[in-house]
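An overview of the molecular structure
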Amino acid sequence: MSNVIDVSRPSPHVAKVWLNRPDVRNAFNDDVIAALTAAFTDLAQDDALRVVVLGAHGKAFCAGADLNWMKTMSGYSWDENRADAQRLADMLWTLDQCPVPVIGRIQGDCYAGGMGLAAICDVLVAVEGATFCLSEARLGLLPATISPYVARAMGVQASRRYMVTAERFSAVRAHELGMVHELATPDTLDAKVDDLVATLVANGPKASRECKRLVRDVGGVPITEALRSETARRIADIRASDEGREGLASFLGKRQPNWLP
Ligand SMILES: CC(C)(COP(=O)([O-])OP(=O)([O-])OC[C@H]1O[C@@H](n2cnc3c(N)ncnc32)[C@H](O)[C@@H]1OP(=O)([O-])[O-])[C@@H](O)C(=O)NCCC(=O)NCCSC(=O)C[C@@](C)(O)CC(=O)[O-]
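Not measured: the values here are computed from a predicted model.

A word on the environment of G64. For G64, the position within the fold is in the loop between strand 3 (51-56) and helix 2 (67-74). For G64 and V51, which are 13 residues apart along the polypeptide, the C-alpha to C-alpha distance reads 24 Å.

Here is the structure:
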């Protein structure tokens, strides 16, 4: 099971998690779901970590759920199907809760559940030639567990269209919709991802984690008095922290910040 994904640590601050079933276009089955869940659960405990890059081997990023695995599931009882779907929902949740920013490196096609993986990323870089598709309806299935993440990443209205039509669309269109943040060519993809990694590693580590949590907690939430006081509390917390003091002192002192571990 272990080699269905590759996890590497080029530095204590950076983790790379690569899907590794290129022969089936990185479709995920039970082994992948278990491996990704375990990897992100471990990474979440690592206080030195500042950024994760989620990528894939081979020509496609991810073809979604493994259809052979799903075919097996169709012989299951409703309860067994429910338990399988719950494991998938739990995996997406675990990835979404990753405490540090996740950069998605989309080097090829991104279909169905693969769009769910892309949608949990905080920053998405894709090659222009990659195709995106919420193909589930074509197969008589639903993009159910991925739907909240996809709707958050590309908006409800675009999700409506692409979920009901199951049409393919380009990375350029995904960029227009705001889901993809940067377009690349196969030659420039890694340099763009490396630049983003360097940008994220240079930021205040606590601030970076808190920014991610802040957007997740307040994005789309109605602006109420309670929210006004909660957001004020969060900035006060970080201003009063060693990191907040160091960030301001380094700016005012015209020097590089020395982030504490
Ligand atoms: C991705 C492209 C465009 C690449 O297109 P391509 O590069 O031309 O590759 P291909 O179509 O020739 O496929 C290469 C090999 O990968 C296999 N393969 C490919 N995909 C899968 C798959 N999903 N499951 C199992 N095997 C897969 C495929 O069967 C073939 O095997 P071979 O013939 O060489 O033995 C194409 O392969 C394709 O259209 N794949 C199907 C994508 C799809 O419709 N996935 C739906 C998954 S359902 C899902 O994800 C449900 C979920 C999770 O969203 C539910 C929820 O949210 O609750």
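Lining the immediate surroundings of the ligand are 25 residues, of which R25, L67, S135, E136 and T145 lie closest. For the ligand, a nitrogen atom lies 2.8 Å from a polar atom in the backbone of L67. In isolation the ligand exposes 1,100 Å². Once the protein is present, 67% of that is buried. Residue composition of the shell around the ligand, by class: 15 nonpolar, 4 polar and 6 charged.

This brings us to the pairing of strand 6 (residues 123-127). Summarising burial for strand 6: 5 of the 5 residues are buried, a large majority. Residues of strand 6 alternate between two faces, with V123, V125 and V127 on one and L124 and A126 on the opposite face, all of them buried. Two strands pair when backbone bridges link them, and strand 4 (residues 102-106) and strand 6 are joined in this way by 4 bridges, in the parallel orientation. Note that in strand 6 the partner of G104 across the bridge is L124. For strand 6 and strand 9 (residues 182-184), the ladder comprises 3 bridges, and the chain directions are parallel. Within strand 9, the residue paired with A126 across the bridge is L183.

Let us look at the side chain of D84. Relative to the elements of secondary structure, D84 occurs in helix 3 (residues 78-96). For D84, a relative accessible area of 2% puts it in the buried group. Of note is the side chain of D84, whose polar atom sits 2.3 Å from the side chain of R87.

Let us now look at the pattern of salt bridges. Counted by the stated rule, this structure contains 18 salt bridges. Here K212 ties to D122 by a salt bridge, and the two come within 2.8 Å at their closest N and O atoms. Of this pair, K212 sits in helix 9 (residues 205-218) while D122 is found in the loop between helix 4 (113-119) and strand 6, placing the two residues 90 residues apart along the sequence. When its relative accessible area of 8% is taken as the criterion, K212 is described as buried. Where R161 meets E167, a salt bridge forms, and the shortest distance between an N and an O atom there is 2.9 Å. Using a relative accessible area of 42% as the deciding quantity, one classes R161 as partly exposed. Assessed through its relative accessible area of 30%, E167 is described here as partly exposed.

Domain annotation for the protein reports domain 1 (2-200) and domain 2 (203-252). Between the C-alpha centres of domain 1 and domain 2 there is a distance of 27 Å. Opposite the 15 residues of domain 1 that make contact, domain 2 presents 6 residues. Between domain 1 and domain 2, roughly 900 Å² of surface is buried when both sides are summed, and carbon and sulfur atoms account for 35% of that area. The three residues of domain 1 that bury the most area against domain 2 are R50, P99 and L200, which together make up 39% of that side's buried surface. At the junction of domain 1 with domain 2, the criterion picks out 1 salt bridge. Summed over the shared surface of domain 1 and domain 2, the number is 8 residue pairs in polar contact (both at pLDDT 80 or more). A class-by-class count of the residues in the side of domain 1 that touches domain 2 yields 7 nonpolar, 2 polar and 6 charged.

The strand order across the open sheet built from 3 strands is 5-7-8, with neighbouring strands paired in mixed fashion. The open sheet has two edge strands, strand 5 (110-111) and strand 8 (168-170), and neither has a second partner. By the bridge criterion, 2 bridges tie strand 5 to strand 7 (residues 131-133) in an arrangement that is parallel. Among the inter-strand pairings, C110 is bridged to a residue of strand 7, identified as F132.

On to the side chain of R234. By the secondary structure assignment, R234 is in helix 10 (residues 225-239). On the basis of relative accessibility, which here comes to 14%, the residue R234 falls in the buried class. Ignoring sequence-local partners within four residues, the contact set of R234 consists of R213, L214 and D217.

Scoring rules and cut-offs
- The residue count restarts for each chain, going from 1 along the sequence in the order it is written.
- Reporting of local features is limited, given that this is a predicted model, to residues whose pLDDT is at least 70; pairs of side-chain atoms are given and counted only at 80 or more, and all residues count toward the totals for whole chains, interfaces and linings.
- With hydrogens and water set aside, each side-chain value is computed from the structure's full complement of heavy atoms.
- Numbering of helices and strands runs from the N terminus, with a helix taken as a DSSP run of H or I at least four residues long and a strand as a DSSP run of E at least two residues long.
- Throughout, near means a residue has at least one heavy atom within 4 Å of the molecule or strand.
- Contacts described as polar in this section are N or O atom pairs within 3.5 Å, which, within protein, must combine one atom able to donate a hydrogen with one able to accept it, while residues neighboring in sequence count only if both atoms come from side chains.
- For every accessible area listed, the method is Shrake-Rupley and the probe measures 1.4 Å; residues are considered covered only by the protein chains on display.
- Classes in brief: Ala, Val, Leu, Ile, Met, Phe, Trp, Tyr, Cys and Pro nonpolar; Asp, Glu, Lys and Arg charged; the others, Gly included, polar.
- Accessible area is worked out with a 1.4 Å probe on protein chains only. A residue is then buried under 20% of its type maximum, exposed over 50%, and partly exposed in between.
- Strand pairing is defined by DSSP finding a minimum of two bridges between the two strands.
- Note on definitions: salt bridges are taken to be side-chain nitrogens of Lys or Arg within 4 Å of carboxyl oxygens of Asp or Glu.
- An automatic or database domain assignment provides the domain bounds reported here.
- Note on contacts: a residue pair is in contact if any heavy atoms of the two residues lie within 4.5 Å.
- As a working definition, buried area equals the accessible area (1.4 Å probe) given up by two parts on being put together, with both sides summed.

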